[in-house]
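Geometric and topological summary
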Amino acid sequence: MLLLGAVAYTAWVLELVIATGLDPVDAYVSELAAADQPLGGLFRATDLAAGLLVLAGAGLGLSLPGRRPWATAGWSALALFGAATALDSRLPLSCAPTDDPECAARETAGLVPATHTAHAVSSSLAMLGALAALVLLTVAARRYAWWPPLCRYGPPLLLAELAATFWTLAAVAAFTTGAGTWALGLGQRLQVLLVALYVALLAGCVAHPGRPRDTDRVPERRPAGESEWKAGGHG
């Protein structure tokens, strides 16, 4: 479910082969699903599927045996990401502000539907959940000697995600103040792509958890009074 959710979350790559009328360098990913876009229904459906699949996968993660505090917090954050993404698909923008100056003017004047504000809130919650899950589950993997691929690739993924998030937030601020888009579309697409890669990596880790490092294994307890020779310590 996590892997399928990651694939659905990258449905925006279809714009490479399907004409959407939006510039991927400048446009929000969410604008592909705007109510006035010809393919809006398709992208709303893939966002809904992505959110529900990740939410279900996170729910199963919370039911895994041997769960620890860091992992519980991480799976909960991932569930927030899934739920907020699904909600996001039900609160589409009414128009595309980066492509339509009239839409941008109405948005600045507060003359767009309330779904624009609600969409901004749900999108922020989704990204907050994704970032928190990345941090918490990476810490869990390293602290409990789980999921070697996440131990290795989690930290660089986190740094790249933070850089992409900073780029996106700076570009949004620039756009809302009339200072241009600062390649907003590229920054946000990198941001959501890294989230999808993280979810896919997590799916692989859960499917093939690997073995804990030898140094992190708990020593076997010997019965009281058993000699080292009897336990196999010397031969």
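For the structure itself, look to the data block above.
Starting from 1, residues in each chain are numbered consecutively following that chain's sequence as written. The predicted nature of this model means local features are confined to residues of pLDDT at least 70 and side-chain atom pairs, given and counted, to a pLDDT of 80 or more, with totals for whole chains, interfaces and linings taken over all residues. By convention in this description, side-chain values take in all heavy atoms of the structure and omit both hydrogens and water.

1. Considering the packing of helix α6 (residues 148–176) against helix α7 (residues 184–207)
Here an angle of 0 to 180 degrees is reported between the N-to-C directions of two axes, which are lines fitted to C-alpha atoms, with helices fitted over the stretch in contact. Numbered from the N terminus, helices here are DSSP runs of H or I no shorter than four residues, and strands are runs of E no shorter than two. Viewed as axis vectors pointing N to C, α6 and α7 meet at an angle of 160 degrees, and their least axial separation amounts to 8 Å. Overall, the two elements α6 and α7 adopt an arrangement that is roughly antiparallel. When you trace α6 past α7, the crossing you get is left-handed. Here Pro149, Leu150, Tyr153, Leu157, Ala160, Glu161, Ala164, Thr165, Trp167, Thr168, Ala171 and Val172 of α6 lie close against α7, whose contacting residues are Leu184, Leu186, Gly187, Gln188, Leu190, Gln191, Leu194, Val195, Tyr198, Leu201, Leu202 and Cys205. For this scheme, ten residues count as nonpolar: Ala, Val, Leu, Ile, Met, Phe, Trp, Tyr, Cys and Pro. Four count as charged, namely Asp, Glu, Lys and Arg, and the remainder, Gly too, count as polar. Class assignment for the residues of the contact of α6 with α7 results in 18 nonpolar, 5 polar and 1 charged. In these notes the angle categories are as follows: under 35 degrees is roughly parallel, over 145 is roughly antiparallel, 65 to 115 is roughly perpendicular, and the rest is oblique. Throughout, a crossing is termed right-handed when the near helix is turned clockwise from the far one, and left-handed when it is turned anticlockwise from it by less than a right angle. Should any heavy atoms of two residues lie within 4.5 Å, those residues are considered in contact.

2. Some details on the side chain of histidine 116
Its location among the elements puts histidine 116 in helix α5 (residues 115–143). Any residue under 20% of the maximum accessible area for its type is buried, any over 50% is exposed, and the rest in between are partly exposed; the area is computed with a 1.4 Å probe on protein chains only. What makes histidine 116 buried here is its relative accessible area of 6%. Under this definition, polar contacts are N or O atom pairs within 3.5 Å; protein pairs additionally need one hydrogen-donor-capable and one acceptor-capable atom, and for neighbouring residues in sequence, both atoms have to be side-chain atoms. A polar contact of 2.9 Å, which involves the side chain of histidine 116, links it to the side chain of glutamate 107. Leaving out residues up to four positions away in the same chain, histidine 116 has contacts with Leu93, Ser94, Cys95 and Glu107.

3. Looking at unusual backbone geometry
Although it is not a glycine, tryptophan 147 sits at a positive phi angle of roughly 45 degrees. Structurally, tryptophan 147 can be placed in the loop between α5 and α6. Despite not being glycine, alanine 183 shows a phi value in the positive range, around 55 degrees. Assignment of secondary structure puts alanine 183 in the loop between α6 and α7. Taking the relative accessible area as the measure of exposure, alanine 183 reaches 21% and is therefore partly exposed.

4. Some thoughts on α6
Working rule for helices: expected span equals 1.5 Å times residues minus one. Between its first and last C-alpha atoms α6 spans 42 Å; for 29 residues at 1.5 Å apiece the expected length is 42 Å, and the two agree. A residue's bend is simply the angle between two axes: one fitted to the seven residues ending at it, one to the seven starting at it. Maximum bend of α6: about 40 degrees, positioned at glycine 154, with proline proline 155 one to four residues after it. Buried residues of α6: Leu150, Cys151, Gly154, Leu157, Leu158, Glu161, Ala164, Thr165, Thr168, Ala171, Ala174 and Phe175, and no others. Buried positions along α6 lie against α4 (101–108), α5 and α7. A positive backbone phi angle near 80 degrees is found at glycine 178, which sits one or two residues after α6.

5. Some words on the side chain of aspartate 88
Position of aspartate 88 relative to the elements: it lies in helix α3 (residues 69–89). Residues scored as charged are limited to Lys and Arg (positive) and Asp and Glu (negative), so that His and the chain ends carry no count. Salt bridges are identified by distance alone: a Lys or Arg side-chain nitrogen within 4 Å of an Asp or Glu carboxyl oxygen. Although aspartate 88 is buried, it makes no salt bridge; arginine 90 carries the closest opposite charge, 9.7 Å away.

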